[in-house]
Amino acid sequence: MRSPRLRLLAAVFSLVAPAGLAGCGGEPAPPPDQPAQFPVTIDVDGTPVEIPARPERIVVLSPTATEMLFAIGAGDQVIAVDSDSDYPPEAPTTDLNFFEPNLEAVAGYQPDLVVAAIDPTGDVLAGLARLEIPTLLLTAASTLDDTYRQLAQLGAATGHVAEAAAVVSRMRTEIAAIVDGLPERPEPLTYYHELDTEYYTVTSETFIGQLYGLLGMRSIADDAGSDTMFPQLSAEFILSADPDVILLATVQCCGVDAEAVASRPGWDRLTAVREGRIIELDDDLASRWGPRVVDFLRAIAASI
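Bear in mind that the values here come from a model prediction, so they are computed numbers and not experimental data. (Residues numbered from 1 in each chain as written. Predicted model: local features only at pLDDT ≥ 70, side-chain atom pairs only at ≥ 80, totals over all residues. Heavy atoms only, no water.)

**Overview of the packing of aromatic side chains**
- This model, assessed by the stated rule, comprises 5 aromatic pairs.
- Where Tyr192 meets Trp267, the ring centres are 6.2 Å apart and the plane angle is 70 degrees; that geometry is what we call edge-to-face. A residue pair is termed long-range when its members are at least 10 positions apart, and Tyr192 in strand β7 (residues 189-194) and Trp267 in the loop between α10 (258-262) and α11 (271-274) qualify at 75 residues.
- Among the residues examined, Tyr192 registers a relative accessible area of 0% and is labelled buried. (Phe/Tyr/Trp six-rings, centres within 6.5 Å; stacked < 30°, edge-to-face > 60°. Helix = DSSP H or I, 4+ residues; strand = E, 2+ residues; numbered from the N terminus. Buried < 20%, exposed > 50% of the residue type's maximum accessible area, 1.4 Å probe, protein only.)

**Some remarks on the sheet that holds strand β9 (residues 245-248)**
- The strand order across the open sheet built from 4 strands is β8-β7-β9-β10, with neighbouring strands paired in parallel fashion. Each of the sheet's edge strands pairs with one partner strand only, and the pair in question is β8 (217-219) and β10 (278-280). Here the strands of the sheet are splayed against their neighbours by 30 degrees on average, with no regard to which way each runs.
- Where β9 and β10 come together, 3 bridges link them in parallel fashion. Looking at β10, one finds that Leu247 is bridged to Ile279.
- Contacting β7, β8 and β9, helix α7 (residues 207-214) crosses the sheet at an angle of about 150 degrees to β7. (Pairing = 2+ DSSP bridges. Axes fitted to C-alpha atoms, helices over the stretch in contact; angles between N-to-C directions. Contact = heavy atoms within 4.5 Å.)

**A word on the state of the cysteines**
- A full pass over the atoms with the stated rule returns 1 disulfide.
- The disulfide bridge from Cys253 ends at Cys254, spanning 2.4 Å between sulfur atoms. Taking the torsion about the S-S bond as the criterion, the Cys253 to Cys254 disulfide, at about -90 degrees, is left-handed.
- Classification of Cys253 by relative accessible area gives partly exposed; the value is 31%. (Disulfide = S-S within 2.5 Å.)

**Overview of the sheet that holds strand β4 (residues 78-81)**
- Read across the open sheet, the 4 strands follow the order β4-β3-β5-β6; overall the sheet is parallel. Bordering the open sheet on either side are β4 and β6 (135-137), each of which pairs with just one other strand. Here the strands of the sheet are splayed against their neighbours by 15 degrees on average, with no regard to which way each runs.
- Against the sheet, helix α2 (residues 63-71) engages β3 (58-61), β4 and β5 (113-116), with an angle of about 140 degrees to β3.

**Considerations on the environment of Thr47**
- Relative to the assigned elements, Thr47 resides in strand β2 (residues 47-51).
- Distance in space between the C-alpha atoms of Thr47 and Leu137 is 9.8 Å, their sequence separation being 90 residues.

**Description of the pairing of β3**
- Both faces of β3 are covered, namely the face carrying Ile58 and Val60 and the face carrying Val59 and Leu61.
- By the bridge criterion, 3 bridges tie β3 to β4 in an arrangement that is parallel. By the bridge assignment, Ile58 is partnered in β4 with Val78.

**A look at the packing of helix α5 (residues 144-158) against helix α6 (residues 161-180)**
- Contact pair α5 / α6: the axes reach a minimum separation of 7 Å and the direction vectors enclose 160 degrees. Comparing their axes, α6 and α5 come out roughly antiparallel. For α5 against α6, the interelement crossing comes out right-handed. Residues Leu144, Asp145, Thr147, Tyr148, Leu151, Ala152, Gly155 and Ala156 of α5 touch α6, and the partners they reach there are Val161, Ala164, Val167, Val168, Met171, Arg172 and Ile175.
- Its residues assigned to classes, the contact of α5 with α6 shows 11 nonpolar, 2 polar and 2 charged. (Parallel < 35°, antiparallel > 145°, perpendicular 65-115°, else oblique. Left-handed = near helix turned anticlockwise from the far one by under 90°. Nonpolar A, V, L, I, M, F, W, Y, C, P; charged D, E, K, R; others polar.)

See below:
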């Protein structure tokens, strides 16, 4: 059975369309000189959300949205964030659970805007609507363009349109510089991204797989013949595929490091082990789609 952590990661990463990742282009952000206007209506996946006035009591149930709001300068409007929102350090962390939101707990903060990533049953969204509390349900990004779009949406929703546009512009520029700085290779580097100790991994179609694709990398799971983007591989398959790079999202959760991987039976013969290409990931950077994807890409680029 898949671990609770893996189920959470799968929900966080979400499903992606196979169209690919528009790393540096795509839908433009609002122009920096566009003024903040209220009331404003934000279109979220075809659902209009009206925000009557500049929100001053924002509750956030999404670690990524927390990072976005502080990045665009709306941090002083945030009064409470979920227990997993550990960045930036000054975020007002509470015991709110972003994965299983509680309507009464959220409403108790008397918010004038709620930003969430997950509403498994739809009850919280419906309950907040009955209380006439505007709510933005910004689910996991499928592409970088989704990230840029969510930053623009939060900018418009909080009165920080220009700041959000500046963050998007900076991200585009820095990602382009990272990609342009990579050496040319005749073939993509293959990789195995370890989600848990049962060898669950990601394909190139996941959000993080598309980030790796920007760096000229391809998942060995693409050849596994699975109908999921989070397949479980066997040790034999991994050994046979012989990935050029191994990326560990199991360091903080499961205590798996490069030494532990190298000690697995037969894994010392893998190219990634022999050439020292085992990358120990920061769990937060590897599971969020906000502005720090730039830091994630930069760290991986430096390691390969």
